[in-house]
Amino acid sequence: MGTEWDTLRKQARHLENDIDMKLIAFNKVGVGAASSSTTASNNTDTSPLLGDHVFESLSLEIEQMLDKLSNINEKMSEIPNSGAAIMHVLQRHREILHGYRQEYLKIQANHTTRMEREELLRGSGLGTSSPSTSGLSRRDMYLKENTHLHSSSSLVNDQISIAMETKEHLTSQRQHLKRFQTRMHDISNRFPLISSLIQRINIRKRRESLIIGGVIAVCTILLLLYAFH
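Residues numbered from 1 in each chain as written. Predicted model: local features only at pLDDT ≥ 70, side-chain atom pairs only at ≥ 80, totals over all residues. Heavy atoms only, no water.

How do you make sense of the side chain of His93 when you look at a structure like this?
Tracing the chain through its elements places His93 in helix α3 (residues 84-124). Residue His93 is classed as buried on the basis of its relative accessible area, which comes to 4%. What His93 contacts, discounting residues up to four positions off in sequence, is Arg9, Ala12, Arg13, Glu16, Asn73 and Met76. (Helix = DSSP H or I, 4+ residues; strand = E, 2+ residues; numbered from the N terminus. Buried < 20%, exposed > 50% of the residue type's maximum accessible area, 1.4 Å probe, protein only. Contact = heavy atoms within 4.5 Å.)

Structure follows, in structure tokens:
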């Protein structure tokens, strides 16, 4: 179970990193495609734009990668496991997949909105050749968010590792305490027997002392009687 789980988890992490980089490129291409569309309109160029082809290609590739990551998560959930830490890791991978899907759909929607806006501007003759600054600010926001996500993921993984190590230490201490408790119970059970044995020995010592004392007293009396007669 452990080997298969570790293999699938490594594949999921590697695929998540690839998807993250693809989404950044996807957003850049989406912004660039809209800007190129405006420039092409001003130059009366009606040939297909390279940016649109790259955008569609990346879109298809990301969809396939998201499906593959979803399959890996399903395989991970099918592996018999126990423990809150493992369930937390699996839930984290699902949340990352959900976040990537939302980000992918958001970039697609933003690209579609930009393209529709550029079409309206071209139709009204208000299109300009200057690139949109909103796309750049959005890209910077995505980059910052990506950095935060990576930092959060690393912190979560560290906390999970610490929690699992703590659990192992607590389990070991619990076993030691159980053994100690068992020994103390055995000693407490044996103590009444030892106390009873000591009491019997003391009674026998007293009895022997009384017997010896009696013998000495009788001998002394006999000697005295013999001496006076």
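Quick question: what am I supposed to make of the side chain of Ser59 here?
Topologically, Ser59 is positioned in helix α2 (residues 50-78). In this structure Ser59 comes out as buried when scored by relative accessible area, which is 6%.

Any chance you could explain a nonpolar patch on the surface here in plain terms?
A surface patch of nonpolar side chains, amounting to about 380 Å² of accessible area, comprises Val218, Ile221, Leu222 and Leu225. Looking at the secondary structure, you find Leu222 in helix α4 (residues 133-228). (Patch = residues over 30% accessible without salt bridge, like charges linked within 9 Å, V, L, I, M, F, W, Y side chains within 5 Å. Areas by Shrake-Rupley, 256 points an atom, 1.4 Å probe, with all protein chains shown as cover. Salt bridge = Lys/Arg side-chain N within 4 Å of Asp/Glu carboxyl O.)

Looking at this structure, I do not really get the packing of aromatic side chains. What am I missing?
Two numbers describe a pair of aromatic rings. These are the distance of the centres and the angle of the planes. Under the definition given, this model contains two aromatic pairs. Their ring planes at 20° and their centres at 4.4 Å tell us that Phe26 and Phe55 sit as a pair that is stacked. In this pair, Phe26 sits in helix α1 (residues 2-42) while Phe55 sits in helix α2, placing the two residues 29 residues apart along the sequence. Across the pair, exposure class does not vary: Phe26 and Phe55 are buried alike. Chaining the aromatic ring pairs together yields one cluster made of Phe26, Phe55 and Tyr104. (Phe/Tyr/Trp six-rings, centres within 6.5 Å; stacked < 30°, edge-to-face > 60°.)

Is there a simple way to think about the environment of Pro80 in this case?
Note that Pro80 resides in the loop between α2 and α3. A C-alpha to C-alpha distance of 9.6 Å links Pro80 and Trp5, two positions 75 residues apart in sequence.

Honestly, the pattern of salt bridges in this entry has me stumped. Any pointers?
Opposite charge on two side chains permits them to pair, given that their charged atoms come into close proximity. Enumeration over the complete set of coordinates arrives at three salt bridges. Of the charged contacts in the structure, one is a salt bridge between Lys22 and Glu61, with a shortest N-O distance of 3.0 Å. Linking Lys22 in helix α1 with Glu61 in helix α2, this pair joins segments that are 39 residues apart in sequence. For Lys22, a relative accessible area of 25% puts it in the partly exposed group. Looking at Glu61, the relative accessible area reads 29%, which means it is partly exposed. Arg101 is the salt-bridge partner of Asp67, the closest N and O atoms lying 3.6 Å from each other. With Asp67 in helix α2 and Arg101 in helix α3, this pair connects stretches of sequence that are 34 residues apart. Its relative accessible area of 30% is what places Arg101 among the partly exposed residues.

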